[in-house]
Amino acid sequence: MDRQAVMEQGLTQPLVAPSLSPAARRRQLKEKAIAGFITLMAFTGIAALILILIFVAKEALALFTQAEARHEASLSKMFLPQEVPPGRPPFRWQPVSKIPKVSMIPLFVGTLKTTVVSMLVAVPLGVFGALFAAEFAPRRLRELLKPVIELLAGIPSVVLGFFALMVMSTVIKDVFAFDRPLNAMVAGLGLALAIVPVIFTVSEDALTAVPRSYREASLALGATPWETAWKVVLPAAAPGILAACVLGFGRAIGETMIVLMASGNADVISWSLGDSARSLSATIAAEMGEVVVGSPHYSLLFFIGVQLFLFTFVLNLLASTWTRRVVKKLTGGAA
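Every value quoted in this text rests on a predicted model; they were computed, and no experiment measured them. (Residues numbered from 1 in each chain as written. Predicted model: local features only at pLDDT ≥ 70, side-chain atom pairs only at ≥ 80, totals over all residues. Heavy atoms only, no water.)

A word on the pattern of salt bridges. Within this structure, the stated rule accounts for 10 salt bridges. In this structure, aspartate 205 and lysine 146 form a salt bridge, with 3.3 Å as the shortest nitrogen-oxygen distance. Of this pair, aspartate 205 sits in helix H9 (residues 184–208) while lysine 146 sits in helix H7 (residues 139–151), placing them 59 residues apart in sequence. Judged by relative accessible area, which is 21%, lysine 146 ranks as partly exposed. One salt bridge in this structure joins glutamate 255 and arginine 251, with 3.1 Å as the shortest N-O distance. For arginine 251, a relative accessible area of 28% corresponds to the partly exposed category. One continuous salt-bridge network, built from bridges that share partners, spans Lys146, Glu204 and Asp205. (Salt bridge = Lys/Arg side-chain N within 4 Å of Asp/Glu carboxyl O. Helix = DSSP H or I, 4+ residues; strand = E, 2+ residues; numbered from the N terminus. Buried < 20%, exposed > 50% of the residue type's maximum accessible area, 1.4 Å probe, protein only.)

Here we take up the packing of aromatic side chains. Under the criterion given, the structure shown has 9 aromatic pairs. With centroids separated by 5.6 Å and ring planes inclined at 85 degrees, the aromatic side chains of phenylalanine 55 and phenylalanine 302 adopt a geometry described as edge-to-face. Taken as a pair, phenylalanine 55 in helix H2 (residues 22–60) and phenylalanine 302 in helix H15 (residues 296–330) lie far apart in primary sequence, 247 residues in all. Overall, phenylalanine 302 belongs to the buried group, its relative accessible area being 11%. Judged by centre distance (6.0 Å) and plane angle (10 degrees), the rings of phenylalanine 128 and tryptophan 230 are stacked. Pair noted here: phenylalanine 128 is in helix H6 (residues 105–135) and tryptophan 230 is in helix H11 (residues 225–236), with a separation of 102 residues, a long-range link. (Phe/Tyr/Trp six-rings, centres within 6.5 Å; stacked < 30°, edge-to-face > 60°.)

Counting residues in hydrophobic clusters, the biggest one holds 24 residues, and the most contacted among them are Ala122, Leu207, Leu234, Ala237 and Ile241. Among the elements of the structure, H6, H9, H11 and helix H12 (238–254) are those that each provide at least two residues to this core. In contact with alanine 237, not counting residues within four places along its chain, are Ala206, Leu207 and Val210. Of all hydrophobic cores here, the second largest spans 21 residues; its members include Val56, Ala69, Met104 and Phe302. (Core = buried A, V, L, I, M, F, W, Y, C linked by side-chain atoms within 4.5 Å. Contact = heavy atoms within 4.5 Å.)

Note on placement: serine 203 falls in helix H9. Owing to a relative accessible area of 0%, serine 203 belongs among the buried residues under this scheme.

None of the figures reported here should be taken as evidence of function without further support.
Here it is as structure tokens:
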């Protein structure tokens, strides 16, 4: 048999995989076990989230399936003005009174006021603080500034609420001459202390992730460092900054103890920041411990939880859509 025939015969023979050593087999099994464990943990988290949503929705569903609950807490009573004697507000939250009043409007107004105040304070502080730390702060100052701000995230919300109740309420009442020491302004500023670290940390990471070539190109064209930071780095990090703001908003709208302790918890429909307010999350915390299980009031509190989930879900959806558009614009339509 000539050389060519031998080569052709060798090419047609099946390739046999080399046998693995015992150590390699153990390493391979170990890697598969680790990968399986990580996958299991991921699906466990997703399953836990789904089960929580199912439980909350199931408890709130009684408002629409039970006749007593529909009579006491119908959608019209929750969202439309009610007939009341002259001089009394048509929107009230008194679910345990002789004639239950379950209007959600005061809760929406209170939640909106405290959240807007907190975002108006926390977003500029967090974003511009992150911009300073990422672009202008010396290295030693940056290494000190970031841990100190992030340390606020470790303070329990009840401690921040106690600080707002005992210290901030008196100062703000004297400075703005409010009639009530506990009001939407105090609660909003207390919430701002809680969400500034979230916005700062995520924004600083987004700004640091902007490629250095962007800065160098801007400076080479004659822009100043401030112009580069404001017109180049900040827009390039816009998706990450938006994510920081969304996380901060979610923390503010769902925060309980600070609002419960510092807002006054009055179901007042007023756009004045000096008036007391009552938020959705604080209402759940204040009333869930004393509510009768299975009552219309019980289902109503779970329905408030469903609304909070819908608010954050819609906000995240809108933010995700806007982020994709910004990324597509920055990449020239390649996304």
